[in-house]
Amino acid sequence: MTSTDAPGIAALSPRLPSPLQEVVDDRFERHGVRLLLKRDDLIHPELVGNKWRKLAPNLAAADGRAVVTFGGAYSNHLRATAAAGRLLGLSTVGVVRGQELAGRPLNPSLARCAADGMRLHFVDRSTYRRKSDPGTLAAVLRAAGAEDAHVVPEGGSNAAAVRGCRALGEELDGRADVVALACGTGGTLAGLAAGLAPGRRALGIPVLKGGFLTGDIRRLQEEAFGGPRGAWSLDDRFHFGGYARTAPELESFAEDFEQRHGLPVERLYVAKMLYGLLVLTREGAFARGTTLAAVVTGRPFP
Ligand SMILES: *Cc1c(COP(=O)(O)O)cnc(C)c1O
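What counts and how
- Residues numbered from 1 in each chain as written.
- Predicted model: local features only at pLDDT ≥ 70, side-chain atom pairs only at ≥ 80, totals over all residues.
- Heavy atoms only, no water.
- Near = heavy atom within 4 Å.
- Polar contact = N/O pair within 3.5 Å; in protein donor to acceptor, adjacent residues only side chain to side chain.
- Helix = DSSP H or I, 4+ residues; strand = E, 2+ residues; numbered from the N terminus.
- Pairing = 2+ DSSP bridges.
- Contact = heavy atoms within 4.5 Å.
- Axes fitted to C-alpha atoms, helices over the stretch in contact; angles between N-to-C directions.
- UniProt positions renumbered as here; feature names shortened; annotations may be inferred.
- Buried < 20%, exposed > 50% of the residue type's maximum accessible area, 1.4 Å probe, protein only.
- Core = buried A, V, L, I, M, F, W, Y, C linked by side-chain atoms within 4.5 Å.
- Expected span 1.5 Å × (residues − 1).
- Domains from an automatic or database assignment.
- Buried area = accessible area lost by both parts, 1.4 Å probe.
- Salt bridge = Lys/Arg side-chain N within 4 Å of Asp/Glu carboxyl O.

Novice: So what's going on with the site of the ligand? Which residues, and what values?
Specialist: As a matter of local geometry, the ligand sits amid 16 residues, with Lys51, Lys54, Thr185, Thr188 and Thr297 nearest to it. Between Lys51 and the ligand, the recorded distance is 2.8 Å, taken from a side-chain N or O atom to an oxygen atom. Backbone polar atom of Gly186 to an oxygen atom of the ligand: 2.8 Å apart, as the coordinates give it. Contributions of two or more residues to the shell around the ligand are made by α2 (50-62), β7 (178-183) and α9 (187-195).

Novice: Could you give an account of the sheet that holds strand β4 (residues 92-97), with specific residues and numbers?
Specialist: Here 4 strands make up an open sheet; going across it, the order is β5-β4-β3-β6 and the pairing parallel. Two strands close off the open sheet at either side, each with one partner strand: β5 (119-123) and β6 (150-151). As paired elements, strand β3 (residues 67-71) and β6 share 2 bridges and run parallel to each other. Opposite Val67, over in β6, you have His150 as the bridge partner. Strand contacts of helix α3 (residues 76-88): β3 and β4, with the helix running at about 160° to β3, the strand carrying the most contacts.

Novice: I'd like a description of the UniProt feature "modified residue: N6-(pyridoxal phosphate)lysine" (unreviewed entry) in the chain, backed by residues and values.
Specialist: As recorded in UniProt, the feature "modified residue: N6-(pyridoxal phosphate)lysine" (unreviewed entry) lies at Lys51. The topology assignment puts Lys51 in helix α2. For Lys51, the contacting residues outside a window of four places in its chain are Asn76, His77 and Ala80.

Novice: An account of the environment of Ala167 is needed here, citing residue identities and associated values.
Specialist: Its place among the elements puts Ala167 in helix α8 (residues 166-171). Of the residues examined, Ala167 reaches a relative accessible area of 27% and is grouped as partly exposed. Counting along the chain gives 25 residues from Ala167 to Leu192, while the straight-line C-alpha distance between them is 7.0 Å.

Novice: Explain the sheet that holds strand β1 (residues 20-23) residue by residue, including any values.
Specialist: With respect to topology, 6 strands assemble into an open sheet ordered β1-β2-β10-β7-β8-β9, the strand pairing being mixed. The sheet is open, and its two borders are formed by β1 and β9 (231-234), each paired with just one other strand. Adjacent strand axes in the sheet meet at a mean angle of 25°, parallel and antiparallel pairs treated alike. Here 4 bridges tie β1 to strand β2 (residues 34-38), and the two strands are oriented antiparallel to one another. In the sheet register, Glu22 faces β2, and the bridge partner there is Leu36. Packing of helix α10 (residues 213-225) onto the sheet brings it into contact with β7, β8 (201-206) and β9, and relative to β9 it is tilted by some 155°.

Novice: Could you give an account of the nonpolar core, naming the residues involved and the relevant values?
Specialist: Counting 31 residues, the largest nonpolar core has Leu203, Val265, Met273, Leu274, Leu277, Phe286 and Leu292 as the members making the most contacts within it. The set of elements that each furnish at least two residues to this core consists of β2, β7, β8, α11 (248-261), α12 (270-282) and β10 (291-295). If you tally residues by element for this core, the top one is α12, at 8 residues. Discounting chain neighbours no more than four positions away, the residues touching Met273 are Ala180, Leu181, Ala182, Ile205, Ala294 and Val295. Judged by nonpolar contacts, the second largest core, of 22 residues, contains Leu36, Leu220, Ala293 and Val295.

Novice: Please provide a residue-by-residue account of α12, values included.
Specialist: With 13 residues, α12 extends 19 Å from end C-alpha to end C-alpha; this agrees with the ideal 18 Å at 1.5 Å per step. Those residues of α12 lying buried are Val270, Ala271, Lys272, Met273, Leu274, Tyr275, Gly276, Leu277, Leu278, Leu280 and Thr281. For α12, the secondary structure elements touched by its buried residues are α1 (26-29), β2, β7, β8, α11 and β10. Following α12 by one or two positions, Gly284 adopts a phi angle in the positive range, close to 80°.

Novice: Which residues make up the pairing of β2, and what values do they have?
Specialist: Summarising burial for β2: 4 of the 5 residues are buried, a large majority. For β2 and β10, the ladder comprises 5 bridges, and the chain directions are parallel. Across the sheet, the residue bridging to Arg34 is Thr291, located in β10.

Novice: I'd like to hear about the domain arrangement of the chain, residue by residue, with values.
Specialist: Domain boundaries in the chain define domain 1 (10-46 + 157-295) and domain 2 (66-148). One C-alpha centre belongs to domain 1, the other to domain 2, and the line joining them spans 27 Å. At the junction of the two partners, domain 1 supplies 6 residues and domain 2 supplies 8 residues. Both faces considered, domain 1 and domain 2 share a buried interface measuring about 490 Å² in area, 57% of it formed by carbon and sulfur atoms. When residues of domain 1 are sorted by the area they lose upon contact with domain 2, Leu12, Glu46 and Tyr243 head the list and together hold 76% of the total. Here domain 1 and domain 2 share 1 salt bridge between them. Across the pair Glu46 and Arg86 runs a salt bridge, and its minimum N-O distance is 2.2 Å. Counting across the interface, domain 1 meets domain 2 through 1 residue pair in polar contact (both at pLDDT 80 or more).

In structure tokens, the structure reads:
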């Protein structure tokens, strides 16, 4: 079954394959690097970017049941799931990290989820951390009234999602030598690498601090494909201190990139990836003649 077999998903008319655009940027050209943007941010106005690629197979697997998933207070994944629920007429439940948020006014991101019909269930941070433990998960689902729901993990990264992201690599077949993207859970990278042709490689820029991602990506590939697939590596130097952390240097880089190329630069992920690519290019990490595709995995909210 492909992702488009789920009732209604094909009717949402995703723009797939997503567009691939060349950008002319002298900072890359000077080093003999050709820069392409893989515009996954244009796949769907509401189910943006890699969230589409990861959600579509999971919505198919839900088969009309409610979908329950997990995220922080500013999670792109929660918003995409809530939007999918509204568009497809599915019930959605969001388990949100942070008991202290309950009963307070919702931030704009969670307000959007609620407006899309997502039922929000807040849990304390220690419970949230233990959510993949089966006993804890069962208790959370019971408390959220979501015992019969289809469970999609945090960030949407499970085996079905990883398999769904293979198409991203396949769409770039023969078009790029190196494909770069920002990583949260690593699910998109795990699938992308599997879809690349031999001799091509994927480069992940983690936006979270911690250096745990290599093991997570190996595990995701094992679950999705039964073993390692494709050539990939990570560069851990561009997280700017962790998720949603920023610095004036990153902000001015992103503003400048927007002005040069007319591309809205999403700050949590995409800005860090593009910044990392410029540093790597200046360091000579890419041989002259390299075609580099940067995946624009999302766009700014709202
Ligand atoms: C969720 C997200 C990612 C991270 O995807 P993972 O599969 O979790 O690594 C990257 N970019 C954007 C814009 C996202 O919203």
